[in-house]
Amino acid sequence: MSDVSAGFREVYGTDPEGVWAAPGRVNLIGEHTDYNDGFVMPLALPHTCRAAASPRTDGKLRVHSGDAPGGVVELRVDELAPVAAGGDRGGWAAYPAGVVWVLREEGLLSGAAAGGADLHYESTVPTGAGLSSSAALEVVTATALSDLYGLGLAPQHIAQLCQRAENDFVGVPCGIMDQTASACCTEGHALFLDARDLTQRQVPFDLAAKGLRLLVVDTRVKHELGDGAYANRRAACESAARALGVPALRDVPAERLETALKDLASLGVDDTVRRRVRHVVTENQRVREVIERLDADDTRAIGPVLTAGHASCRDDFEISCPELDLVVESGCAAGALGARMTGGGFGGSAIVLVEVADADAVAKAVTEAFAAAGHRAPRIFPAVPSAGARRL
Ligand code: ADP
Ligand code: MG
């Protein structure tokens, strides 16, 4: 915390008015369901993006990150324009700039609040590892500005504003999960979120008390297909929902899956799209199963549901990759209770549920499997369910 203040002093020559933090996340279950109006269940990591910040009165927005090259980026609040509309992306600065832009667009910036701000960031969330460093950056910015300007924004509102910043300013078509996780998670819990009506439930997920550990395995690979594939999967889901005459695939209950698949076949919808539908429908069902098992205090029993979720991501949604598959195979072969890829796919991270007593052996087995396959050594650390965005 003090290091972020020291960083701010070094960059701007004064003390910051405050320091805020927002976490990265892993998704326990519910992959590619949020943009189908479905269910997700992320938890916040202890890894955070921290921001030291002060308000300004001259309409300037200055941002600096200890994790990005290029020094201070200076913008004018009244000149911010989305990247797609010809705005200057300014590299990473588009994320915080997008947050200020959306506050302005929503009419939340007036009077003193239109005056700008100085921000300095330091983050322990690995970037591009599927752990939502971008959401952490947006949410810490919105949380800091809400406090600095006295906007009193609620965490879920902050998440929605940040999603709009990423969608409409940066131009990344993400769902609502990442920002909601970073803004709304609480220590010791996973967050159940209904992405349609945004109702939430904090589900107790105290792994240590159960003698369990959730390992994050960052494969440190990011395959290029990722960005195009996301848009492609989204389009397939939306076209299938249209063909079925429902607002979103969320509206196909698991009991109606077989009928829906037959209807799609008779409409000439191809096998690939039908498998995409099967993933989304069964994945929503798996979120419900995980909640049921956690509510029944049977945490170990979520293991097979996680592994089934991975198979669905791999075979039906086709968003896995050899490195992620290898984490799941080698982890489960070494005694893990369950494992799956987490996040958008095509690289990034997987999660592995293990008995504490087996944690080291499983981590070693995964690392050895990576070495034997000629992959770069993965980064492995425990996912301790942590707090969402806050002032430090
Ligand atoms: P993920 O969110 O999974 O980490 P993304 O590609 O969505 O991956 O976001 C990563 C991008 O977010 C980085 O390339 C960078 O532009 C920006 N970013 C995230 N954290 C920081 C940070 N601490 N400082 C500067 N930029 C950051
Ligand atoms: Mg991201």
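Predicted, not measured: the structure shown is a model, and the values here were computed from it.

(A) Region of the structure containing the site of ligand 1. The immediate surroundings of ligand 1 are formed by 16 residues, with Ser65, Ser123, Gly128, Ser133 and Ser134 found nearest. In this structure, Ser132 approaches ligand 1 through a main-chain N or O atom, which is 3.5 Å from an oxygen atom. No other element matches the three residues that helix H3 (residues 133–148) contributes to the shell around ligand 1. The class makeup of the residues in the shell around ligand 1 is six nonpolar, eight polar and two charged.

(B) Representation of the packing of helix H2 (residues 94–105) against H3. Contact geometry for H2 and H3: axes closest at 9 Å, N-to-C directions at 45°. One way to sum up the angle between H2 and H3 is to call them oblique. The crossing of H2 and H3 is right-handed. On H3, the residues touching Tyr95, Pro96, Val99, Val100 and Leu103 of H2 are Ser134, Leu137, Glu138, Thr141, Ala142 and Leu145. Here the residues of the contact of H2 with H3 sort into eight nonpolar, two polar and one charged.

(C) Fine view of the sheet that holds strand E7 (residues 189–194). In space, the three strands of this open sheet follow the order E2-E7-E8, with antiparallel pairing throughout. If you trace the sheet from one side to the other, it starts and ends with strand E2 (39–40) and strand E8 (200–204), each paired once. Both E7 and E8 contribute to a ladder of five bridges, which runs antiparallel. Bridge assignment links Phe192 to a residue of E8, and that residue is Arg201.

What counts as what
- Residues numbered from 1 in each chain as written.
- Chains lettered and ligands numbered in written order.
- Predicted model: local features only at pLDDT ≥ 70, side-chain atom pairs only at ≥ 80, totals over all residues.
- Heavy atoms only, no water.
- Near = heavy atom within 4 Å.
- Polar contact = N/O pair within 3.5 Å; in protein donor to acceptor, adjacent residues only side chain to side chain.
- Helix = DSSP H or I, 4+ residues; strand = E, 2+ residues; numbered from the N terminus.
- Nonpolar A, V, L, I, M, F, W, Y, C, P; charged D, E, K, R; others polar.
- Axes fitted to C-alpha atoms, helices over the stretch in contact; angles between N-to-C directions.
- Parallel < 35°, antiparallel > 145°, perpendicular 65-115°, else oblique.
- Left-handed = near helix turned anticlockwise from the far one by under 90°.
- Contact = heavy atoms within 4.5 Å.
- Pairing = 2+ DSSP bridges.

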